[in-house]
Amino acid sequence: MIGRLSGHVVEEGDEGAVVLDVSGVGYEVSVPLGAVGRARGIAAKTSSDAITLFVHTHVREDALLLYGFATREDRAAFRVLIGISSIGPKIAMAILSALGSGELAAVIARRETARLTAIPGVGKKTAERLVLELKDKLVHLPSAPLSPAAPPPAAPSAQQDLLHSALTRMGYRPAEAERAVTTLGARVDSAPLGDLVREALALLSK
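What counts, and at which threshold
Residues numbered from 1 in each chain as written. Predicted model: local features only at pLDDT ≥ 70, side-chain atom pairs only at ≥ 80, totals over all residues. Heavy atoms only, no water. Helix = DSSP H or I, 4+ residues; strand = E, 2+ residues; numbered from the N terminus. Contact = heavy atoms within 4.5 Å. Pairing = 2+ DSSP bridges. Buried < 20%, exposed > 50% of the residue type's maximum accessible area, 1.4 Å probe, protein only. Polar contact = N/O pair within 3.5 Å; in protein donor to acceptor, adjacent residues only side chain to side chain. Phe/Tyr/Trp six-rings, centres within 6.5 Å; stacked < 30°, edge-to-face > 60°. 1 Å grid on protein atoms, 1.4 Å probe; cavity = no way out; pocket = protein on both sides within 12 Å on 5 of 7 lines; lining within 4 Å. Points joined across faces, edges and corners; volume = space filled by probe spheres on them. Nonpolar A, V, L, I, M, F, W, Y, C, P; charged D, E, K, R; others polar.

### Side note on the environment of Gly171
- With respect to the element layout, Gly171 can be found in the loop between α7 (158–169) and α8 (174–184).
- When the C-alpha positions of Gly171 and Ala39 are compared, they lie 9.7 Å apart, and in sequence the two are 132 residues distant.
- Those residues in contact with Gly171, other than ones at most four positions away along the chain, are Leu33, Gly34, Ala35 and Gly37.

What follows is the structure in C-alpha coordinates.
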(Lines give C-alpha, C1' and ligand atoms only; values in the text may rest on other atoms or scores of the structure.)
Protein backbone atom coordinates (compact mmCIF):
# COMPACT_ATOMS: atom_id res chain seq x y z
CA MET A 1 0.00 0.00 0.00
CA ILE A 2 1.15 3.54 -0.74
CA GLY A 3 1.21 5.78 2.33
CA ARG A 4 3.12 8.84 1.16
CA LEU A 5 4.36 10.36 -2.08
CA SER A 6 6.83 13.19 -2.63
CA GLY A 7 7.32 14.78 -6.03
CA HIS A 8 6.19 17.48 -8.42
CA VAL A 9 2.67 18.13 -9.69
CA VAL A 10 2.78 17.85 -13.48
CA GLU A 11 -0.98 17.85 -14.16
CA GLU A 12 -3.97 19.30 -12.34
CA GLY A 13 -7.47 18.26 -13.38
CA ASP A 14 -10.79 20.00 -12.84
CA GLU A 15 -12.19 17.09 -10.84
CA GLY A 16 -9.71 17.30 -7.96
CA ALA A 17 -7.16 14.89 -9.43
CA VAL A 18 -3.47 15.65 -9.87
CA VAL A 19 -0.62 13.71 -11.40
CA LEU A 20 2.39 13.66 -9.10
CA ASP A 21 5.72 12.86 -10.73
CA VAL A 22 7.83 10.78 -8.34
CA SER A 23 11.22 9.93 -9.84
CA GLY A 24 9.75 9.71 -13.33
CA VAL A 25 6.63 7.78 -12.38
CA GLY A 26 3.32 9.67 -12.54
CA TYR A 27 0.79 8.83 -9.83
CA GLU A 28 -2.79 10.02 -10.28
CA VAL A 29 -4.01 11.18 -6.88
CA SER A 30 -7.39 12.62 -5.91
CA VAL A 31 -7.00 15.54 -3.50
CA PRO A 32 -9.45 17.77 -1.64
CA LEU A 33 -9.65 21.45 -2.53
CA GLY A 34 -6.68 23.34 -1.12
CA ALA A 35 -4.50 20.29 -0.42
CA VAL A 36 -1.90 21.05 -3.09
CA GLY A 37 -1.67 24.69 -2.03
CA ARG A 38 -1.13 23.72 1.61
CA ALA A 39 1.42 21.08 0.63
CA ARG A 40 3.30 23.72 -1.39
CA GLY A 41 3.25 26.05 1.58
CA ILE A 42 4.67 23.34 3.85
CA ALA A 43 7.36 22.53 1.28
CA ALA A 44 8.28 26.21 0.96
CA LYS A 45 9.15 26.31 4.68
CA THR A 46 11.92 23.79 3.98
CA SER A 47 12.97 25.49 0.73
CA SER A 48 11.86 22.42 -1.21
CA ASP A 49 10.14 22.59 -4.58
CA ALA A 50 8.75 19.05 -4.17
CA ILE A 51 5.51 18.52 -2.28
CA THR A 52 4.53 15.62 -0.04
CA LEU A 53 1.08 14.08 -0.02
CA PHE A 54 -0.03 11.66 2.68
CA VAL A 55 -1.88 8.95 0.78
CA HIS A 56 -4.77 6.63 1.50
CA THR A 57 -4.84 3.68 -0.89
CA HIS A 58 -8.43 2.68 -1.59
CA VAL A 59 -8.86 -0.78 -3.11
CA ARG A 60 -12.02 -1.78 -4.97
CA GLU A 61 -12.76 -4.83 -7.05
CA ASP A 62 -12.38 -2.81 -10.24
CA ALA A 63 -9.85 -0.15 -9.26
CA LEU A 64 -7.02 0.93 -7.00
CA LEU A 65 -7.45 4.61 -6.12
CA LEU A 66 -5.13 7.03 -4.37
CA TYR A 67 -6.39 9.88 -2.18
CA GLY A 68 -3.81 12.45 -1.11
CA PHE A 69 -3.72 15.00 1.72
CA ALA A 70 -1.38 17.77 2.82
CA THR A 71 -1.25 16.55 6.42
CA ARG A 72 -1.51 13.30 8.35
CA GLU A 73 -4.44 14.81 10.25
CA ASP A 74 -6.48 15.33 7.08
CA ARG A 75 -5.75 11.75 6.02
CA ALA A 76 -6.81 10.50 9.45
CA ALA A 77 -10.07 12.45 9.20
CA PHE A 78 -10.71 10.96 5.74
CA ARG A 79 -10.23 7.44 7.09
CA VAL A 80 -12.62 8.11 9.95
CA LEU A 81 -15.21 9.53 7.55
CA ILE A 82 -15.19 6.59 5.14
CA GLY A 83 -15.57 4.27 8.12
CA ILE A 84 -19.09 5.62 8.63
CA SER A 85 -21.94 3.78 6.95
CA SER A 86 -23.01 5.33 3.62
CA ILE A 87 -20.12 7.84 3.63
CA GLY A 88 -17.93 6.99 0.67
CA PRO A 89 -14.72 8.62 -0.58
CA LYS A 90 -16.63 11.13 -2.75
CA ILE A 91 -18.59 12.65 0.13
CA ALA A 92 -15.56 12.43 2.44
CA MET A 93 -13.51 14.41 -0.08
CA ALA A 94 -16.29 16.99 -0.41
CA ILE A 95 -16.33 17.42 3.37
CA LEU A 96 -12.55 17.85 3.55
CA SER A 97 -12.65 20.27 0.61
CA ALA A 98 -14.94 22.49 2.67
CA LEU A 99 -13.44 21.87 6.11
CA GLY A 100 -9.92 20.95 7.14
CA SER A 101 -9.53 18.25 9.78
CA GLY A 102 -9.25 20.80 12.59
CA GLU A 103 -12.30 22.71 11.39
CA LEU A 104 -14.24 19.46 11.06
CA ALA A 105 -13.36 18.47 14.62
CA ALA A 106 -14.58 21.87 15.85
CA VAL A 107 -17.80 21.63 13.81
CA ILE A 108 -18.54 18.18 15.23
CA ALA A 109 -17.72 19.25 18.79
CA ARG A 110 -20.14 22.18 18.50
CA ARG A 111 -22.77 20.13 16.67
CA GLU A 112 -22.82 22.66 13.83
CA THR A 113 -25.02 20.66 11.47
CA ALA A 114 -25.70 23.78 9.37
CA ARG A 115 -22.00 23.93 8.45
CA LEU A 116 -22.23 20.32 7.28
CA THR A 117 -25.45 20.63 5.28
CA ALA A 118 -23.88 23.52 3.35
CA ILE A 119 -21.51 20.95 1.80
CA PRO A 120 -22.72 19.45 -1.52
CA GLY A 121 -23.93 15.89 -1.00
CA VAL A 122 -24.50 16.24 2.76
CA GLY A 123 -28.16 16.37 3.73
CA LYS A 124 -29.72 16.93 7.13
CA LYS A 125 -29.86 13.25 8.08
CA THR A 126 -26.27 12.70 6.97
CA ALA A 127 -25.12 15.74 8.95
CA GLU A 128 -26.90 14.49 12.07
CA ARG A 129 -25.35 11.05 11.65
CA LEU A 130 -21.89 12.59 11.22
CA VAL A 131 -22.26 14.57 14.45
CA LEU A 132 -23.48 11.49 16.29
CA GLU A 133 -20.85 9.07 15.01
CA LEU A 134 -17.85 11.39 14.92
CA LYS A 135 -18.22 13.01 18.33
CA ASP A 136 -15.79 10.54 19.93
CA LYS A 137 -13.71 9.74 16.87
CA LEU A 138 -12.08 13.10 16.11
CA VAL A 139 -10.99 13.94 19.66
CA HIS A 140 -7.37 13.10 18.80
CA LEU A 141 -7.30 15.75 16.06
CA PRO A 142 -6.39 19.36 16.92
CA SER A 143 -9.60 21.37 16.85
CA ALA A 144 -9.57 24.71 15.06
CA PRO A 145 -11.50 27.60 16.62
CA LEU A 146 -14.64 28.59 14.78
CA SER A 147 -15.46 32.22 14.22
CA PRO A 148 -18.43 33.79 12.44
CA ALA A 149 -17.79 34.37 8.78
CA ALA A 150 -17.01 38.03 8.17
CA PRO A 151 -18.55 39.72 5.12
CA PRO A 152 -16.05 40.56 2.40
CA PRO A 153 -14.87 44.15 2.18
CA ALA A 154 -17.14 46.33 0.07
CA ALA A 155 -14.27 47.55 -2.09
CA PRO A 156 -11.07 45.48 -1.78
CA SER A 157 -7.94 47.08 -3.15
CA ALA A 158 -6.35 45.89 -6.37
CA GLN A 159 -3.45 44.41 -4.40
CA GLN A 160 -5.85 42.50 -2.15
CA ASP A 161 -7.59 41.10 -5.21
CA LEU A 162 -4.26 40.07 -6.74
CA LEU A 163 -3.10 38.29 -3.58
CA HIS A 164 -6.47 36.57 -3.09
CA SER A 165 -6.49 35.44 -6.72
CA ALA A 166 -2.89 34.18 -6.53
CA LEU A 167 -3.68 32.06 -3.48
CA THR A 168 -6.86 30.55 -4.91
CA ARG A 169 -5.03 29.68 -8.15
CA MET A 170 -2.49 27.83 -6.00
CA GLY A 171 -5.29 25.65 -4.66
CA TYR A 172 -6.32 27.35 -1.43
CA ARG A 173 -9.96 27.67 -0.50
CA PRO A 174 -11.39 31.20 -0.95
CA ALA A 175 -11.98 31.41 2.82
CA GLU A 176 -8.34 30.52 3.47
CA ALA A 177 -7.14 33.12 0.98
CA GLU A 178 -9.41 35.72 2.60
CA ARG A 179 -8.02 34.84 6.05
CA ALA A 180 -4.45 35.33 4.84
CA VAL A 181 -5.28 38.67 3.21
CA THR A 182 -7.00 39.84 6.39
CA THR A 183 -4.14 38.68 8.63
CA LEU A 184 -1.54 40.51 6.57
CA GLY A 185 -3.58 43.69 6.98
CA ALA A 186 -2.07 46.96 5.82
CA ARG A 187 1.03 45.21 4.47
CA VAL A 188 -1.03 44.03 1.52
CA ASP A 189 -1.14 47.53 0.09
CA SER A 190 2.52 48.36 0.71
CA ALA A 191 4.64 45.23 0.20
CA PRO A 192 5.60 43.60 -3.13
CA LEU A 193 3.21 40.85 -4.26
CA GLY A 194 5.95 38.20 -4.24
CA ASP A 195 6.75 38.92 -0.59
CA LEU A 196 3.05 38.85 0.28
CA VAL A 197 2.56 35.46 -1.36
CA ARG A 198 5.50 34.00 0.59
CA GLU A 199 4.17 35.43 3.86
CA ALA A 200 0.67 34.17 3.10
CA LEU A 201 1.99 30.67 2.37
CA ALA A 202 3.83 30.68 5.69
CA LEU A 203 0.61 31.68 7.48
CA LEU A 204 -1.52 29.08 5.73
CA SER A 205 0.95 26.24 6.30
CA LYS A 206 0.74 26.59 10.10
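Following the structure, the description resumes.
### A few points about the pairing of strand β1 (residues 4–12)
- Strand direction decides the pairing type here: β1 and strand β4 (residues 51–59), joined by 4 bridges, are antiparallel. Counterpart to Arg4 in the pairing with β4 is Phe54.
- Alignment of β1 against strand β2 (residues 17–22), held across 4 bridges, turns out to be antiparallel. Bridging across to β2, His8 finds its partner in Asp21.

### Remarks on the side chain of His56
- Position of His56 relative to the elements: it lies in strand β4.
- What makes His56 buried here is its relative accessible area of 11%.
- Reaching out from His56, the side chain makes a polar contact with the side chain of Arg79 at a distance of 3.1 Å.
- Among residues more than four places away in sequence, those in contact with His56 are Leu65, Leu66, Tyr67, Phe69, Arg75, Phe78, Arg79 and Ile82.

### Section: the packing of aromatic side chains
- If you walk through the whole model with that rule in mind, you get 2 aromatic pairs.
- Centroid distance Tyr67 to Phe78: 5.2 Å. Interplanar angle 35°. Geometry classified as tilted. One end of the pair, Tyr67, is in strand β5 (residues 64–69); the other, Phe78, is in helix α2 (residues 72–82), with 11 residues separating them in the sequence. Residue Tyr67 shares its accessibility class with Phe78, and that shared class is buried.
- For the pair Phe69 and Phe78, a centre-to-centre distance of 5.0 Å together with 40° between the ring planes defines the contact as tilted. This pair shows no difference in class: Phe69 is buried, exactly as Phe78 is.
- Site record: aromatic cluster; members linked through ring pairs are Tyr67, Phe69 and Phe78.

### What to know about α2
- Within the sequence span of α2, burial applies to Asp74, Arg75, Ala77, Phe78, Val80 and Leu81.
- Those residues of α2 hidden inside the fold are in contact with α1 (35–45), β4, β5, α3 (89–98), α4 (101–109) and α6 (124–134).

### Some thoughts on the layout of surface pockets
- Of the volumes computed, that of the second largest pocket is approximately 410 Å³.
- Taken together, 17 residues form the lining of the second largest pocket, with Glu15, Gly16, Ser30, Tyr67 and Met93 sitting closest to its centre.
- Among the secondary structure elements, those contributing two or more residues to the lining of the second largest pocket are β3 (25–30), β5 and α3.
- Grouping the amino acids of the lining of the second largest pocket by side-chain chemistry returns 11 nonpolar, 3 polar and 3 charged.

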